[in-house]
Amino acid sequence: MALTREERERFLAEPHVAALAVAARSSDRAPLSVPIWYQYAPGGDVRILTGRTSRKAELIAAAGRFTLLVDRLEPTVRYVSVEGPVVDIRPAARADLEEMSARYLLPEKVAGYVDFAWENHGEQVVITLRPERWISSDLGQV
């Protein structure tokens, strides 16, 4: 049921919307869990973009690590969870937003979305995670 290294890396490289989870700083709050776009190529690091002053960015910087979970239901139930340390946080360039948007949007939608997001979403940062722990499974024909 567990995926091989190659299978889990190929699956993570597909353009799924991930669930990002990061520890909250307060004991009276559960971990933050939100959907997010991400970039990954087999054997590399995972990159996300988020608002520089967002709660997500602040919690990730404080925790120094986070988790991404991607899954699907068809043709088989499959998931990959990857967790690891943050190895870089840097200001995002417009090219970072263009590259990320092209991964998820139809080609004819990218420019319009990038123009809107660059003007309206505020300063962004690129946060890089180094994969350290993996959990994966394919439940076959369940």
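This text follows the structure it describes.
The text that follows walks through the structure, step by step, so that each part is easy to find. Worth saying up front: this structure is predicted, and the values here are computed from it rather than measured.

Conventions and cut-offs
- Residues numbered from 1 in each chain as written.
- Predicted model: local features only at pLDDT ≥ 70, side-chain atom pairs only at ≥ 80, totals over all residues.
- Heavy atoms only, no water.
- Helix = DSSP H or I, 4+ residues; strand = E, 2+ residues; numbered from the N terminus.
- Rg over C-alpha atoms; globule rule 2.2 N^0.38 Å.
- Buried < 20%, exposed > 50% of the residue type's maximum accessible area, 1.4 Å probe, protein only.
- Contact = heavy atoms within 4.5 Å.
- Polar contact = N/O pair within 3.5 Å; in protein donor to acceptor, adjacent residues only side chain to side chain.
- Core = buried A, V, L, I, M, F, W, Y, C linked by side-chain atoms within 4.5 Å.
- Axes fitted to C-alpha atoms, helices over the stretch in contact; angles between N-to-C directions.
- Parallel < 35°, antiparallel > 145°, perpendicular 65-115°, else oblique.
- Left-handed = near helix turned anticlockwise from the far one by under 90°.
- Nonpolar A, V, L, I, M, F, W, Y, C, P; charged D, E, K, R; others polar.
- 1 Å grid on protein atoms, 1.4 Å probe; cavity = no way out; pocket = protein on both sides within 12 Å on 5 of 7 lines; lining within 4 Å.
- Points joined across faces, edges and corners; volume = space filled by probe spheres on them.

Some words on the overall build of the protein
- A count of helical and extended segments in the protein gives 4 helices and 8 strands.
- For the protein, the sequential pattern of α-helices and β-strands runs α-β-β-β-β-α-β-β-α-α-β-β.
- Expected size for 142 residues packed as a compact globule is a radius of gyration near 14 Å; at 16 Å, the protein falls within 12% of this value.
- By principal-axis analysis of the C-alpha atoms, the protein measures approximately 45 × 45 × 25 Å.
- Considering the protein as a whole, with its 142 residues, one finds that 40% of them fall into the buried category.
- The contacts in the protein between residues at least 6 apart in sequence include a share of 70% that link residues at least 24 apart.

Some details on the side chain of Gln39
- For Gln39, the location among the structural elements is in strand β3 (residues 39-40).
- Among the polar contacts listed, one links the side chain of Gln39 to the side chain of Glu99, at a separation of 3.2 Å.
- Contacts of Gln39, omitting those with residues within four sequence positions, involve Asp45, Val46, Arg47, Glu99, Met100 and Arg103.

What to know about the nonpolar core
- If you look at the biggest cluster of nonpolar residues, it comprises 35 residues, and the most contacted ones within it are Tyr38, Ile48, Phe66 and Leu68.
- Of all the elements, strand β7 (residues 124-129) adds the most residues to this core, at 4 residues.

Considerations on the environment of Met100
- With respect to the element layout, Met100 can be found in helix α3 (residues 94-104).
- Its relative accessible area of 3% is what places Met100 among the buried residues.
- Here the alpha-carbon distance between Met100 and Ser27, two residues 73 residues apart in the chain, equals 34 Å.
- Excluding its chain neighbours within four sequence positions, the residues that come into contact with Met100 are Trp37, Tyr38, Gln39, Arg47, Ile48 and Leu49.

Some words on the packing of α3 against helix α4 (residues 107-120)
- The interhelical angle for the contact between α3 and α4, taken along N-to-C directions, is 135 degrees, at an axis separation of 10 Å. As the angle between them shows, α3 and α4 are arranged oblique. Read as a crossing pair, α3 and α4 show a hand that is right-handed. Of α4, the residues touching α3 (which contributes Arg94, Leu97, Glu98, Ser101 and Ala102) are Val110, Tyr113, Val114, Asp115, Ala117 and Trp118.
- Among the residues making up the contact of α3 with α4, the classes are represented as 7 nonpolar, 1 polar and 3 charged.

Some details on the layout of surface pockets
- Of the voids in this model, the largest pocket is the one considered here, and its volume is about 240 Å³.
- As for the largest pocket, its lining consists of 13 residues, and the residues nearest its centre are Trp37, Leu49, Tyr113, His121 and Gln124.
- Of all the secondary-structure elements, those providing two or more residues to the lining of the largest pocket are β2 (32-36), β4 (46-51), α3 and α4.
- In terms of residue count, β4 provides more of the lining of the largest pocket than any other element does, 3 residues in total.
- Partitioned by chemical class, the residues of the lining of the largest pocket number 8 nonpolar, 4 polar and 1 charged.

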